[in-house]
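Close look at the chain arrangement
As a plain string of letters, each chain reads:
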Amino acid sequence: MTNESWGQVCKDLQKSIGENNFVTWIKPLKFRELHNGVAHFHAPTSFVGDWVSRNFGDEILRHLTLNGANVDRLEFNVDRAAAKAAPIATATAPAAQGRMENDHLGAAVDARFTFNSFVVGKPNELAHAAARRVAEGGPVTFNPLFLYGGVGLGKTHLMHAIAWELRNRSPHLRVVYLSAEQFMYRFVQALRERDMMGFKELFRSVDVLMVDDVQFIAGKDSTQEEFFHTFNALVDQNKQIIISADRAPGEIKDLEDRIKSRLQCGLVVDLHPTDYELRLGILQQKVELYRGQYPGLVIADGVIEFLAHRITTNVRVLEGALTRLFAFASLVGKEITLDLAQDCLADILRASDRKVSVEDIQRRVGEHFNVRLSDMVGPKRTRTIARPRQIAMYLAKQLTSRSLPEIGRRFGGRDHTTVIHAVKRIEELRNLDSQIAEDIELLLRMFEG
Ligand code: ADP
Ligand code: MG
């Protein structure tokens, strides 16, 4: 059994299980070897491996045998090395198998990550605007552009979008995108091959340099040193640099101070955790994509809203949930209802269940408004205490699955009607009083982050 004959099996499978299933589940697999009757595959995630094994295992075995392979079992392993080496290729949404464009110096740029496919909302509008500005090219106004934010909030997406845009607008520019890890790898390789001159020349000859996840080089002294020199050389030549990290420059531990301050010289913008509207927008966009992919598949009212409410961790998880939901629904040929979503996504929903307790909320809200915990649950009714208490009740209703009587009990044994009143009142005030709206935004962000 060779890669070639696996290619033939793939063609057969494509016919027998259909194009959609093939693209979603079989294509991401990598055939490794056939050994003692066991066919070994790399799968991008254990979920894909499990799914394929359960749903297409027999079919794969059948076609392998038909093609003359002596096989009685399949085994799927997660391809960690490949996932690390090519982090961009891991997001294999079935809707768009993007074109990959490889630069001999940098990493592949994923064609799915464009400005067009980036949904803009309050949490990311500044980062988006800055990215757009840099992508327009022209004179360098801020250097570097430093994008930071939590996992899955769109940093890599924006960087790829900039790369695409620049390459389209100005094909003559050398635009290089790579992860900090790849930068280190190249650096170490140059050291090993005693070709530091080549390394330096290469990196100093680019027009735009993008380094993703720069926090990776923290604590790696000689890589940092080299990064610093590359950085300075490019800034001196007025070449645009774009950096991303999971936190602000000043907060990256074990990063040299001179690098920190250099990174802060340009424009530093953060991507905030998503809010409900942004999640909804992203989901709606993806659903449109999937409609083309799975014509005839119906998604019931309220499902998208449900997901946007419940999956607050990050966009990658949100996308993964939708991909799985559509794949599942199309396999079983059912409408996507709330029930089906809850069933199919039970693990994801459980994992992103907010683990905030009423006590956490009381404590945080108390800190925010300078109210003692004993007053939070105590009998005092002065405005400066009662209002924060109402806000805490409101947040408890929003963020926990406690019932109204349970919440009341935790606030010093108050009645559930008191909680209802508080929730109503704060809902009103959120629309009327911008200070309260802001306080609540801030608190929500704290709990969701
Ligand atoms: P990060 O690099 O910040 O960890 P990514 O850029 O890899 O996050 O984003 C994770 C996934 O979420 C990607 O598939 C990306 O396309 C998607 N995504 C994130 N933010 C948005 C957005 N605003 N609009 C559309 N897709 C988004
Ligand atoms: Mg990233």
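This section reports on the structure supplied with the text.

What counts, and where the lines are drawn
Residues numbered from 1 in each chain as written. Chains lettered and ligands numbered in written order. Predicted model: local features only at pLDDT ≥ 70, side-chain atom pairs only at ≥ 80, totals over all residues. Heavy atoms only, no water. Phe/Tyr/Trp six-rings, centres within 6.5 Å; stacked < 30°, edge-to-face > 60°. Helix = DSSP H or I, 4+ residues; strand = E, 2+ residues; numbered from the N terminus. Buried < 20%, exposed > 50% of the residue type's maximum accessible area, 1.4 Å probe, protein only. Lys NZ or Arg CZ within 6 Å of the ring centre and 35° of its normal. Near = heavy atom within 4 Å. Polar contact = N/O pair within 3.5 Å; in protein donor to acceptor, adjacent residues only side chain to side chain. Areas by Shrake-Rupley, 256 points an atom, 1.4 Å probe, with all protein chains shown as cover. Nonpolar A, V, L, I, M, F, W, Y, C, P; charged D, E, K, R; others polar. Domains from an automatic or database assignment. Core = buried A, V, L, I, M, F, W, Y, C linked by side-chain atoms within 4.5 Å. Contact = heavy atoms within 4.5 Å. Pairing = 2+ DSSP bridges. Axes fitted to C-alpha atoms, helices over the stretch in contact; angles between N-to-C directions.

**Focus: the packing of aromatic side chains**
The geometry of an aromatic ring pair is captured by two quantities: the separation of the ring centres and the angle between the planes. With the rule as written, the count across this model stands at 14 aromatic pairs. Taking 6.1 Å as the distance between ring centres and 25° as the angle between the ring planes, the aromatic pair formed by W6 and F31 counts as stacked. Within this pair, whereas W6 is found in helix α1 (residues 3-17), its partner F31 is found in strand β1 (residues 30-35), the two being separated by 25 residues in sequence. Residue W6 is classed as buried on the basis of its relative accessible area, which comes to 7%. Residues F41 and F76 carry aromatic rings whose centres are separated by 5.4 Å and whose planes lie at 20° to one another, so their mutual orientation is stacked. Of this pair, F41 sits in strand β2 (residues 38-43) while F76 sits in strand β3 (residues 73-78), and the two are 35 residues apart along the sequence. Taking the relative accessible area as the measure of exposure, F41 reaches 0% and is therefore buried. Each residue in the set F183, F187, F199, F203, F227 and F231 is aromatic and connected to the rest through ring pairs, giving one cluster. The ring of F216 has K220 lying over it, and the distance from NZ or CZ to the ring centre is 4.2 Å.

**Some details on the site of ligand 1**
Near ligand 1 there are 17 residues, and of these G152, T156, H157, R316 and E319 occur at the shortest range. Within the backbone of G152, an N or O atom sits 2.7 Å from an oxygen atom of ligand 1. In the model, an oxygen atom of ligand 1 is placed 2.6 Å from a nitrogen or oxygen of the H157 side chain. The protein chains hide 95% of the 560 Å² of surface that ligand 1 would expose on its own. Only α6 (155-169) and α13 (315-332) provide two or more residues apiece to the shell around ligand 1. Within the shell around ligand 1, the residues separate by chemical class into seven nonpolar, seven polar and three charged. Here the shell around ligand 1 gathers at least three residues from each of two domains, domain 2 (125-270) and domain 3 (276-352).

**Notes on the nonpolar core**
In this structure, W6, I26 and I60 are the most contacted members of the largest nonpolar core, which totals 52 residues. Broken down by element, this core gets its largest block of residues, seven residues, from α13. Excluding residues that lie within four positions of it along the chain, I26 makes contacts with W6, C10, L13, I17, N21, V52, F56 and I60. Among the nonpolar cores identified, the runner-up in size contains 30 residues, and F146, A190, V214 and I217 belong to it.

**Some thoughts on the sheet that holds β2**
Strand order across the open sheet formed by three strands is β1-β2-β3, with mixed pairing between neighbours. In this open sheet, the two edge strands, each paired with only one partner strand, are β1 and β3. Taking the axes of each pair of neighbouring strands and ignoring which way they run, one obtains an average angle of 25° across the sheet. Examined bridge by bridge, β1 and β2 share five bridges and lie antiparallel to one another. Note that in β2 the partner of H35 across the bridge is V38.

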